[in-house]
Amino acid sequence: MKAVYLDYKSLDQDDLNLQGLAAIFDELTLYPSTAKADVLSRVQDVDVIITNKVLIDADLIAQCPNLKMIQVSATGTNNVDSAVAKARGIVVCNCQAYGTAAVAQHTIMLMLNLATSFLRYQQKVQQGEWQKTDQFCLLNAPIVELSGKTLGILGYGELGKAVAKLAEAFGMKVIIGSLPNRPGDASRVPFQELLPQADFLSLHCPLTEETRDLISHAELDAMKSGAFLINCARGGVINEAALAQALREGKIAGAAVDVLTVEPPKEGNVLLDPSIPNLIVTPHNAWGSVDARQRIVDQMIENIKAFQSGQPIRQVN
């Protein structure tokens, strides 16, 4: 069986074990990345395509007579025309729940950084401000405790539940919100009631037309002035211009985002302006622990072995 991995550098930074993946094929060719113009020549005669973000559309599939399986080295499969693949009898599989611990950890890390003004104090020390003070300590940026604070969570799937568990270990009160126009069960707090209650609001919902710009001007106005907003979901869930304005005007105390509407932000982004106060931006790497990325490799091996045995798992089409 012949396979190609079109963009392995999106997963492996020379810190993963890929030997098991190579061992299940007669031939596996690894490409760090693949430009659009090179995709067809690299996949035209293979049995299995492995891709993270490279587009595998209907036209490409039609030109791959030997193709039997497409393995996505991520959860999202929007870069693959799964319906056309299914019509051709081509199995499409993904990877699932590999980054739960990493994303939950990253979310709590962002919360702690905001709560302790960590980056601001680090900058003050680097700039010599502590060295110049008459006191033994520096306390001129706010520090708050997580204990006793209310964490609101929107999106209570596997990630939301993992974050809730960690937050409770810090002594936080966790409340689960329902999305607008979706009341849910009685244990969930209506969206508009959640906003003014939360000291921290953490987003873990998927990006859909329902959740696009879920947090915008009106929602930020409804939050506490001392509240912090965390987004480790998708960039479009927050209206970025509204968040920048709210932070500049002090409508909320701070925010941290691991995602932007366009990634990478080669054309810039309103949230990358360094003058925005108390904002942390990380480069969509919450999921990317070595452990989580190795789980992806291990799941791909499981998927491909299962396909070879005639019993596909994690099949999405």
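Let me begin by describing the structure that accompanies this report.

Rules of the game
Residues numbered from 1 in each chain as written. Predicted model: local features only at pLDDT ≥ 70, side-chain atom pairs only at ≥ 80, totals over all residues. Heavy atoms only, no water. Helix = DSSP H or I, 4+ residues; strand = E, 2+ residues; numbered from the N terminus. Contact = heavy atoms within 4.5 Å. Lys, Arg positive; Asp, Glu negative; His and termini not counted. Charge placed at Lys NZ, Arg CZ, Asp CG, Glu CD. Salt bridge = Lys/Arg side-chain N within 4 Å of Asp/Glu carboxyl O. Buried < 20%, exposed > 50% of the residue type's maximum accessible area, 1.4 Å probe, protein only. Pairing = 2+ DSSP bridges. Axes fitted to C-alpha atoms, helices over the stretch in contact; angles between N-to-C directions. Expected span 1.5 Å × (residues − 1). Core = buried A, V, L, I, M, F, W, Y, C linked by side-chain atoms within 4.5 Å. Parallel < 35°, antiparallel > 145°, perpendicular 65-115°, else oblique. Left-handed = near helix turned anticlockwise from the far one by under 90°. Nonpolar A, V, L, I, M, F, W, Y, C, P; charged D, E, K, R; others polar.

**A word on the overall build of the protein**
Looking only at helices and strands, the protein features 12 helices and 11 strands. Projected onto its principal axes, the C-alpha coordinates of the protein cover approximately 70 × 50 × 35 Å. Relative to all contacts within the protein whose residues are 6 or more apart in sequence, the contacts with residues 24 or more apart total 64%. If you average the places of the 27 positive and of the 34 negative side-chain charges in the protein, the two averages end up 2 Å apart.

**Notes on the pattern of salt bridges**
The tally for this structure, following the rule as stated, stands at 11 salt bridges. Residue Asp221 pairs with Lys251 through a salt bridge whose shortest N-O separation is 3.0 Å. Here the residue Asp221 occupies a position in helix α10 (residues 217–222), and Lys251 occupies one in the loop between α11 (240–248) and β10 (254–257), the gap between them amounting to 30 residues. Via salt bridges that share partners, Asp221, Glu249 and Lys251 belong to a single interconnected network.

**A short note on the pairing of strand β8 (residues 200–203)**
With burial as the criterion, each face of β8 is covered, one bearing Phe200 and Ser202 and the other bearing Leu201 and Leu203. Where strand β6 (residues 150–154) meets β8, 4 bridges bridge the pair, whose relative direction is parallel. When the sheet's bridge partners are listed, Ile153 is paired in β8 with Ser202. Judged from the 4 bridges that link them, β8 and strand β9 (residues 228–231) form a sheet pairing that is parallel. When the bridges of β9 are listed, Leu201 appears paired with Leu229.

**Concerning the sheet that holds strand β1 (residues 2–5)**
If you trace the 5 strands from one edge of the open sheet to the other, you get β2-β1-β3-β4-β5, paired in parallel fashion. The strands lining the two open edges of the sheet, one partner per strand, are β2 (27–30) and β5 (91–93). Across the sheet, the mean angle separating the axes of adjacent strands is 15 degrees when strand polarity is ignored. In this structure, strand β4 (residues 69–72) lies alongside β5, joined through 3 bridges in parallel fashion. If you follow Ile70 over to β5, its bridge partner there is Val92. Contacts from helix α12 (residues 290–308) reach β1, β3 (48–51), β4 and β5, with the element oriented near 165 degrees to β4.

**Description of unusual backbone geometry**
Residue Pro264 is bonded to the preceding Glu263 through a cis peptide linkage, with omega at -10 degrees. The residue Pro264 is located in the loop between β10 and β11 (279–281) in this model. Positive phi outside glycine occurs at Asp14, with the angle close to 60 degrees. For Asp14, the location among the structural elements is in the loop between β1 and α1 (19–23).

**Overview of helix α5 (residues 100–115)**
In a regular helix each residue adds 1.5 Å, so 16 residues correspond to 22 Å; α5 covers 23 Å between its end C-alpha atoms and thus fits that length. Burial runs high along α5: 12 of the 16 residues are buried. What α5 keeps buried is the set Thr100, Ala102, Val103, Ala104, His106, Thr107, Ile108, Leu110, Met111, Asn113, Leu114 and Ala115. One or two steps after α5, the chain reaches Ser117, where phi turns positive at roughly 50 degrees.

**Details of the nonpolar core**
Judged by nonpolar contacts, the single largest core of 41 residues is most densely connected at Leu21, Val43, Ile56 and Ile70. Those elements that place two or more of their residues in this core are β1, α2 (39–43), β3, α3 (58–62), β4, β5 and α12. Tallying contributions element by element places α12 first for this core, with 6 residues. When sequence neighbours within four positions are dropped, the list of residues in contact with Val43 reads Val4, Leu6, Ile49, Leu60 and Cys64. Among the nonpolar cores identified, the runner-up in size contains 32 residues, and Leu179, Leu229, Ile238 and Leu260 belong to it.

**A few points about the sheet that holds strand β7 (residues 173–177)**
Judged by pairing direction, the sheet is parallel, and its 6 strands sit side by side in the order β7-β6-β8-β9-β10-β11 without closing on themselves. For this open sheet the edge positions go to β7 and β11, each flanked by a neighbour on one side alone. Sheet twist, expressed as the average angle between the axes of neighbouring strands with direction ignored, equals 15 degrees. With respect to the sheet, α5 is in contact with β6, β8, β9, β10 and β11, its orientation differing from that of β9 by roughly 155 degrees.

**What about the packing of α5 against helix α8 (residues 158–169)?**
Where α5 contacts α8, the axes come no closer than 9 Å and their chain directions differ by 50 degrees. By the angle between their axes, α5 is oblique relative to α8. Like other packed secondary-structure pairs, α5 and α8 cross with a definite hand, here right-handed. The segment α5 lies against α8, with Thr100, Val103, Ala104, Gln105, Thr107 and Ile108 engaging Glu158, Leu159, Ala162, Val163, Leu166 and Ala167. Tallied by class, the residues present in the contact of α5 with α8 amount to 8 nonpolar, 3 polar and 1 charged.

Any functional reading would require information that these geometric values do not contain.
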